[in-house]
Amino acid sequence: MTRGIFWGITLLMSMLASEVWSQLSPDPGLLYSECHNQVFWVALNATFLEHKTVDFAVHDKFGKRFMVTPKMSIQCGYTVNFDYFGNVIFEASVLACQVDNENDERFSLTVEIIISEVTTASTSYIHKMSCQYHPWQQREIFCSTNYMEVSVERGAPDIDAQADQSHDWIDAFPDTITAASDIWQVVFHSPVKKNMTVHEAFQLGYGLNTTESRLLLRAPFQTAESETSVVAGIPTTSIRSTTFYRQSWMLLMVDTAVACPTDGTRVADQSLIWSVPLQYPALVAYPDSFKTISVTMGANGVLLDPETVSRSPYKLITNETHITIEVPVGAEGGYIQSEVQDGEYGMVYTIDLMLEHVWKDDAWDLSKHTVIHPVSLFFPLPPIVKNETDVEMETFVVTIGNFFPDAYLESVRIGTAEYPVEDLIKYGMLVKTTYPNRTISYTLTVSFQNPDVTEEYLPTHLTTYILDVVFNFRVGPENNPYRKAVTVRFDLIDAGLPSSVGYCEENYLNLVIPNEKIGQLWVPYVNNLALNDDLASQLGIQEINNETHFWVKVPLSSAGAVYEVITLEGITAKFSITAKYRKTLATMGHFSVSCNFPLRDLIVCIPNGSIIVTASEDTLPITDLGMTTLKDENCTPVEYNETFAIFNFQLDSCGTTGRFEDNYVIYENEIRNKKKILRSDVAVITSDPLYRLTVLCKYRRNSTIQQYIPAYGSIVAPPLPSNGGPRAKRSRQILDIRVRLSRDMKYTHFYTDEEYPFEKNLKDPLFFEVALKQENTSVELSLETCWLSNSTGFDSKRKWSIYENGCEVQSTEYLTIAHPVSTAQVKRFEVLLFASADGTLKGPVYLHCMVMVCDARIYKGSSALCMKQCEMGHKLASYESRQYFNLQGYVSTGPVLLAQPTASAPERSITEQGSTSRREGGSSPWGRTWDLDAKYWQGTSLTFVDKLKCLYYGEDHFGELLPFVL
C-alpha cells in the first residue's frame, strides 16, 4: 500500500499521528510507516529490495535484541507480509512483547531492518515508532492474519454463577485456590478441560502478558485447544479459556475467550462480498442482552467514517445474523493484477478489508471485535476478439483486448511464422491502443494476399481466406506466458475466370487474357506444366504481362500447339492454357484459341511414336507426289494432290531406323519417288527425276519406355548362350531392385510397406515403379514378363498378363501404359482396370515381374541391342535379344485390395472389336459418343491405346498426347 491510497477520504482512527525517526538512516524512499489503530505499520519499498533478503528484529526498552521468527511472530504479535506491489509489510500489535507501554496509552517500538545480499555484508537500519491508542474497551478481540489476540481489563468481569458458561468458571475454582500467588495459570475448556502454567502455555505457542491495566492472551489459529465450527454459515475458530492469578487475599479470574472468522468471502454480480457472524457463542454469554453499539468498516488498515462509506462504492450491511461488506470488483482501495490460471487470462482483485464491531451485553460493559481480512480473488476475463475485416481492401483486421497494463504482447504467430511485436508495429501491421481506464487492446492487420494466409478455393468461385493467429502475452509481475489463438475466416465471392480473346496471325496463335489475379488466385499451365519463363523459352512462346492483360503469342511450330486436323485442305491448330488454383493446383477452367492455317512443309513427331510429315512438289522438274513412298514402298501417302503429300506412320514401321546420340534417340526415314519405267528391247528408260526427302524425329532417351511398385528382390546371372563365337567371362553377381506403388502418376509419393494391404477402387489406376537400387549408368533395366494374380506364389494358376516379351499388354479387362523415365535404371507403368465379366479381377491382387539387366560393358558393340525396348506395344527387336542380358531375376509386391466400383461410379468396358464406351449415357465429356472408330478420331493419328487413355482420363489427358515439331 502507498500513502494517499484513499484520495479525498476522511480517516477515522483512534490514534495520533505517528512519530518516526531512525538511527542509521536508510536511503530516501526505502521505508514508510504509519499507525493503524492498534497496529504499528511499516512498508519497505520493493524497488530497493530486488535480489536482496530482508529480516526483522525488535529491541526492548533495555536494548536487548530479538529476531522476529514465525513462531515468535504469533506469540508476540508480529506479522510480515507482501502487498500487491511486492512491498514488504511489517506489522506489530501495540501489545506486542517488546513494545514499551506507557500507561496503556502511548506505545513505542524499535525495529531493526536487516537487508542482505549474497555477495556483500548485510546492512542494518534502526527505525523507531511511537503510536497512541486509547481509550480501551473492557474487552478487545483482535483477529490478525496469523494470530488471535484478546485483552481484558483486570478484575473484570465479576464472577456470575448464573451465566450460561458458569461451569467454565466453577471448574476453574479448584485450580485457583491451589495456585501459588506468583504463578499464572490458564484453564482451557475445550475440547476437554486442560490447565497449564504460563510456561507450559508458552511452550505450546501461546502468548500471555499483563500491562498496567490489562491482561492479554494471544494464540495461533490452529492449536489442540482451539475449536473449528460454523457460526451462521461462516467458518470460525475459537478458544474458550480462563486466565487467573492470586494476589494478596484477592482472587482474580478473567474470561479470555477469543473467536475469529476464517472466511466468509464470496463473489456475486461482479462484487466481492464478505460476511461475518453478528454474534459469536464463545464471546456472548447472554445473547438476549446482546446489543450492537457500532459497526465500522475499513480498508488497508484504515477505518472509514460513515460519511466516507456512504460516498464510496462500498456497502456495509447489518442484519439479525450477519455483518456484510460489499465491494464492487475494481473499486478504489483495491488493486487489480493480471494473472493466468489454468491457461485462462483474468484479473486478481486484492483488497485488505477491516471490520470493527462494538457491542455490549450483561456480562461485559463493552466488547470491541476487530478483524483484518485480506481478500484476493481471481476473476476470469476472456479477451474480446473483434473481426473488423475490410472487404474492399481485402484485409483482415482483428482487434483483441482488453488487457491490463501489466499484460503485454510479446509476439504474434501468423500461420507458421513468428513475428516480434516491434517488427509488426514497424511495418504498420499492429497498432496498440490505450484507453482512459488504462486497459490496452491490439489491432492486427493482415492482407488476404499475405503468404501466411491460407486459401481454400471452391468450384463455385468462392475463395475462403483463413487467418490463423496466436497472440503471445506475458502477464503479471512474474511474466507468466499466456497464448490466445484466433482463427478468422472470410468467404470472398470471385467473379470467376475472365473471358479470353483469341485471334490468328500468319504462323501465330494469339491468346489475350485479362490480368485478373494471375499469380494470386490462379496460375497458367500448358501441357500440365507451369507456364514460366523457362517453359515459354522451350516452347518458343512470347509472353507480355502488363497491368491489364496477359498476352501469349504462340508460333504454329511450337510444341505447345496442338494439331487437331492435318489434311490437304489445311491445318487446324489449337493452343490452350489451363487455369489452376494457386494453392492446390485444382483446375479452375481453360482458355484456348483455334486457328486454321494453309498446309505447308512440316514434320510432327508425336510422343506416342506416330510421325506425320508433308512433302511438297516444290522441285524442278515437278515431282508426281502420288508416286512417292517411304523406304518401305508399301507405305504411300494417306492423302496427296498436285502440291502436297501427307504421310502418317509409326516409328517402328515403313523402314524407319534408329540411332543413339547422347541422351537422344533419332529415328530416320526417307520419302522417295517411285519411278515410271519404259521398257524396250534395248534399254530401260525412266523420265522421272530423283526425289529424296529425309525425315528425322528426335526423342529424349527413354521418353517412351515403361514405368513401374513396393517390394525388393535380387537378380542372378543366367548362363551365357553358346553360339560358337567369342564369349565374355560369365559374371555372377547380385543386384538389388525394388518395386513400389505410387499414390499418383507424379511418382513423388509412394505407399510404404507398413500400409500394405490397402484398398483401391477397381476404377482407380495402379502406378508401378521398378528400379535398380545400384547406381550404374552402363546398365539398363528391362521388364520381361509381368502379371497380376490373386496369390503370392510365382506359379499361380490364375494370371492376368500385363507385360509379355517386354511389351505392354492390352486386353478386355485391363490396359498397360508405359510412362517416360529419364534414367535407364527405372521403369514405370500404369495398369487401367476394367470391370471383368466374372468379377474375378478383384482383391487381393499381387504384382509379379521377371526382369532383366543388360550391361553394355560386357557385350561391346552391342549397345544398340541392349537399348532395344518395346515402343507402345510394338516389338522393335526379336525377343532373342535376351542373349545380351546377363542378369535376370524376379520381384513381387502386394497385396492391393481391389473393390468393385460403387453403383454411382461409371464403369469402363472394352469390346473385342476395340470399341470402348462409358456406361453413363454413352456421352463423353465433350458431348460425343465414345466410339473409337467414329469419324471424330479421324485425322488425330491417335492409336488404339491413346484413345483408351482419352477414355480413361478424359479431355485433360488428351493434352499429354500433343505433338511437337522439329
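Residues numbered from 1 in each chain as written. Predicted model: local features only at pLDDT ≥ 70, side-chain atom pairs only at ≥ 80, totals over all residues. Heavy atoms only, no water.

> Sorry if this is basic, but what is going on with the overall build of the chain here?
Within the chain one finds nine helices and 72 strands. By residue count, 50% of the 966 residues in the chain fall in the buried class. Roughly 46300 Å² of accessible area belongs to the chain as shown, and the carbon and sulfur atoms make up 50% of that amount. (Helix = DSSP H or I, 4+ residues; strand = E, 2+ residues; numbered from the N terminus. Buried < 20%, exposed > 50% of the residue type's maximum accessible area, 1.4 Å probe, protein only. Areas by Shrake-Rupley, 256 points an atom, 1.4 Å probe, with all protein chains shown as cover.)

> Is there a simple way to think about the environment of F56 in this case?
Mapped onto the elements, F56 comes out in strand 4 (residues 53-59). Separated by 56 residues in the primary sequence, F56 and E112 have C-alpha atoms spaced 5.7 Å apart. Filtering out sequence-adjacent residues up to four positions away, F56 remains in contact with L44, M67, V68, V80, V88, F90, V111, E112 and I113. (Contact = heavy atoms within 4.5 Å.)

> Before we go on, may I ask you to explain the side chain of T614 in this structure?
Mapped onto the elements, T614 comes out in strand 50 (residues 610-616). Look at T614 and you get buried, because its relative accessible area is 3%. When near neighbours in sequence (up to four residues on either side) are disregarded, T614 contacts L599, R600, D601, L602, F644, A645, I646 and L693.

> Help me understand the sheet that holds strand 36 (residues 440-447), please; the structure alone is not making it clear to me.
In a beta sheet, neighbouring strands are held together by backbone hydrogen bonds and run either parallel or antiparallel to one another. Spatially, four strands are ordered 31-32-36-35 in an open sheet, and the strand pairing comes out antiparallel. The two strands at the open ends of the sheet, each matched to only one other strand, are strand 31 (384-387) and strand 35 (430-434). With strand direction ignored, the average angle separating the axes of adjacent strands in the sheet is 20 degrees. Across five bridges, the pairing between strand 35 and strand 36 is antiparallel. (Pairing = 2+ DSSP bridges. Axes fitted to C-alpha atoms, helices over the stretch in contact; angles between N-to-C directions.)

> Would you mind showing me how to read the packing of aromatic side chains here?
Each aromatic ring pair is summarised here by two numbers: the centre-to-centre distance and the angle between the ring planes. Evaluated as defined, the whole model comprises 23 aromatic pairs. Connected via pairs of aromatic rings, a cluster forms that spans Y345, F403, Y442, F473 and Y482. In this arrangement the basic side chain of K553 is found over the ring face of Y508, its NZ or CZ atom lying 4.6 Å from the centre. Here the guanidinium or amino end of R743 rests over the ring plane of Y751, the centre of that ring lying 4.4 Å away. (Phe/Tyr/Trp six-rings, centres within 6.5 Å; stacked < 30°, edge-to-face > 60°. Lys NZ or Arg CZ within 6 Å of the ring centre and 35° of its normal.)

> Mind showing me how you'd approach the environment of N479 here?
By the element assignment, N479 lies in the loop between strand 38 (462-475) and strand 39 (480-493). In this structure N479 comes out as partly exposed when scored by relative accessible area, which is 36%. Taking the C-alpha atoms as reference points, N479 and Y408, 71 residues apart in sequence, are found 9.1 Å from one another.

> Could you clarify how one ought to interpret the confidence of the model for the chain in this entry?
Averaged over all residues, the pLDDT of the chain equals 78, while 74% of them reach at least 70. Of all secondary-structure elements in the chain, the lowest mean pLDDT belongs to strand 59 (residues 711-716), at 25, while strand 11 (residues 139-143) reaches the highest, 97. Ignoring residues within four places in sequence, the model shows residues 158-167, a span with pLDDT below 50, making 14 contacts including any to other chains. Overall, residues 871-886 carries pLDDT values under 50, and its contacts beyond four positions in sequence, including any with other chains, amount to 47 contacts. (pLDDT = per-residue confidence, 0-100.)

> What exactly am I supposed to notice about the state of the cysteines here?
Disulfide: a covalent bond formed between the sulfur atoms of two cysteine residues. One pass over the full model with this rule turns up seven disulfides. Each sulfur of the disulfide joining C76 and C97 lies 2.2 Å from the other. An S-S torsion of about -90 degrees defines the bridge between C76 and C97 as left-handed. Residue C76 is located in helix 1 (residues 70-76), and its partner C97 is located in the loop between strand 7 (88-93) and strand 8 (100-102); the two are separated by 21 residues in the primary sequence. What makes C76 buried here is its relative accessible area of 6%. Owing to a relative accessible area of 34%, C97 belongs among the partly exposed residues under this scheme. Paired through a disulfide, C143 and C260 show a sulfur-sulfur distance of 1.9 Å. With the S-S bond torsion at -85 degrees, the cross-link from C143 to C260 turns out left-handed. Of the two residues, C143 sits in strand 11 while C260 sits in strand 21 (residues 258-261), which places them 117 residues apart along the sequence. (Disulfide = S-S within 2.5 Å.)

> Sorry, what's going on with the sheet that holds strand 17 (residues 227-231) here?
Taking strand neighbours across the sheet as the criterion, the three strands line up as 17-18-21 in an open arrangement whose pairing is antiparallel. At either margin of the open sheet sits one strand with a lone partner, and together these are strand 17 and strand 21. On average, each strand axis in the sheet is inclined to that of its neighbour by 30 degrees, with strand direction left out of account. Across four bridges, the pairing between strand 18 (residues 234-239) and strand 21 is antiparallel. Note that in strand 21 the partner of I239 across the bridge is V258.

> Which parts of the structure should I look at to understand the pattern of salt bridges?
Oppositely charged side chains can form a pair if their charged atoms are brought close together. The tally for this structure, following the rule as stated, stands at 16 salt bridges. Among the salt bridges present, the one from K368 reaches E140, with a minimum N-O distance of 3.8 Å. Of the two residues, K368 sits in strand 30 (residues 367-380) while E140 sits in strand 11, which places them 228 residues apart along the sequence. Of the two residues examined, K368 and E140, each falls in the buried class. Put simply, E668 and R659 hold a salt bridge, and the shortest N to O gap is 2.9 Å. The class for E668 is partly exposed, based on a relative accessible area of 24%. Judged by its relative accessible area of 34%, R659 falls in the partly exposed class. Via salt bridges that share partners, E140, E356 and K368 belong to a single interconnected network. (Salt bridge = Lys/Arg side-chain N within 4 Å of Asp/Glu carboxyl O.)

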